[in-house]
Amino acid sequence: AGLSLVERIFSFSRNRPEGKVLETVGVFESPKLQGKYETGQLFLHSVFGYRGIVLFPWYARLYDRDVVPPSTEKTESSGGHGSKEVKGQTHTYYQVLIDARDCPHISQRSQTEAVTFLANHDDSRALYAIPGLDYVSHEDILPYSSADQVPIQHELFERFLLYDADKVPVFVARDTLRAWQEKNHPWLELSDVHRETTESIRVTVIPFYMGMREAQNSHVYWWRYCIRLENLGNEVVQLRERHWRIFSLSGTLETVRGRGVVGREPVLSKEQPAFQYSSHVSLQAPSGHMWGTFRFERPDGSHFDVRIPPFSLESNKDDKAPPTGYSW
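Per an unreviewed UniProt entry, the protein goes by Polymerase delta-interacting protein 2 and derives from Latimeria chalumnae. The record held by UniProt for the protein lists under Function (unreviewed entry) the comment "Involved in DNA damage tolerance by regulating translesion synthesis (TLS) of templates carrying DNA damage lesions such as 8oxoG and abasic sites. May act by stimulating activity of DNA polymerases involved in TLS, such as PRIMPOL and polymerase delta (POLD1)."

Following this line, the structure appears as structure tokens:
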């Protein structure tokens, strides 16, 4: 906050290798305070700095535990264990493509394979990913325009989008994008977002239902969850441990402890305040809950626990049609 757009560009490039020069990518536009961005909107990610383009919006329910609703107001509970009631507010998110040229620069801070599918064949544990596909919130977007007819390098860019100089934005959806969105809607849909801040560390969780597979005469339900950790303070901290509690509708309660996340122990600083990753969980029941804590270490060696907001794992999607991934 407080940085001009030009200063943001320089801060994004601060950690580029020596000898690399800044390139002009386009002209900034005013961020939208009202309404939504359209398909084909070019943007810079305000947190991770990559170039991207909007494919289509999602309208999610944001359960923000940092916002206390008035006591007289009815709340829509997000569910959870030992948690306060939280009202869900409608919030706009977007499915976007990440420019492949920027993936190497952000790979230490954000996984560039945020979208995974269950494979269609018999192996119930097989997953496959679509590289360079991400979910971003409305305030993540710093919109810009470009005279380049192919401003984003991604294998799906020209499959999904068509240049039309008479339109604003100048990139419009091809039929293949609309067909892909329709076929994969149940597996892509972002519906609930959960957020909570502890000691200036904000944790955002987005769960996605992936489908059900049969294994050894039982049903196994799969979800992926995307987590963003953001340091909103001035102190440098490092994630050291994770502690999960996973409750299944079948009555089981599992505890998972471990070092770091996805094999890393990220440092969150003023220069690189955020880290984002995705993981997966399976249950032998159609629904459940997850919650827990991340343990962080301060420079003086002391530790503190950051709450992971409780979130529901729901399977209220149609399991009959398997995800189609790249096929149209």
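Now, onward.
> Help me get a handle on the overall build of the protein, residues and values and all.
Within the protein one finds four helices and 19 strands. Burial statistics for the protein: of 328 residues in total, 48% are counted as buried. For the protein, long-range pairs separated by at least 24 residues make up 68% of all intrachain contacts whose partners lie at least 6 apart in sequence. Total accessible area on the protein stands at roughly 16,300 Å², and carbon and sulfur atoms take up 48% of it.

> So what's going on with the pattern of salt bridges? Residues and values would help.
Within the structure shown, the criterion is met by 18 salt bridges. Arginine 51 is the partner of aspartate 99 in a salt bridge, and the nearest nitrogen-oxygen pair spans 4.0 Å. Linking aspartate 99 in the loop between strand S4 (88-98) and helix H2 (103-106) with arginine 51 in strand S3 (residues 51-64), this pair joins segments that are 48 residues apart in sequence. The pair formed by aspartate 99 and arginine 51 is uniform in burial state, with each residue classed as buried. The residue arginine 307 makes a salt bridge to glutamate 196 at a minimum N-O spacing of 2.6 Å. Here arginine 307 is found in strand S19 (residues 303-313), whereas its partner glutamate 196 is found in strand S11 (residues 192-198), with 111 residues between them in sequence. Exposure remark for glutamate 196: the relative accessible area of 7% places this residue in the buried category.

> Talk me through unusual backbone geometry; I want residue IDs and the actual numbers.
Only a minority of non-glycine residues have a phi that is not negative, and only a minority of peptide bonds are not trans. Here the residue pair valine 168 and proline 169 is connected by a cis peptide bond, since its omega of -5 degrees sits within 30 degrees of zero. Position of proline 169 among the secondary structure elements: in the loop between strand S9 (161-163) and strand S10 (171-173). A positive phi angle, close to 45 degrees, is found at glutamate 199, a residue other than glycine. Here glutamate 199 lies in the loop between S11 and strand S12 (201-215). Located in the positive-phi region is serine 200, a residue other than glycine, with phi close to 70 degrees. Turning to its location among the elements, serine 200 is positioned in the loop between S11 and S12. Serine 200 sits in the partly exposed class, given a relative accessible area of 36%.

About the thresholds
- Residues numbered from 1 in each chain as written.
- Predicted model: local features only at pLDDT ≥ 70, side-chain atom pairs only at ≥ 80, totals over all residues.
- Heavy atoms only, no water.
- UniProt positions renumbered as here; feature names shortened; annotations may be inferred.
- Helix = DSSP H or I, 4+ residues; strand = E, 2+ residues; numbered from the N terminus.
- Buried < 20%, exposed > 50% of the residue type's maximum accessible area, 1.4 Å probe, protein only.
- Contact = heavy atoms within 4.5 Å.
- Areas by Shrake-Rupley, 256 points an atom, 1.4 Å probe, with all protein chains shown as cover.
- Salt bridge = Lys/Arg side-chain N within 4 Å of Asp/Glu carboxyl O.

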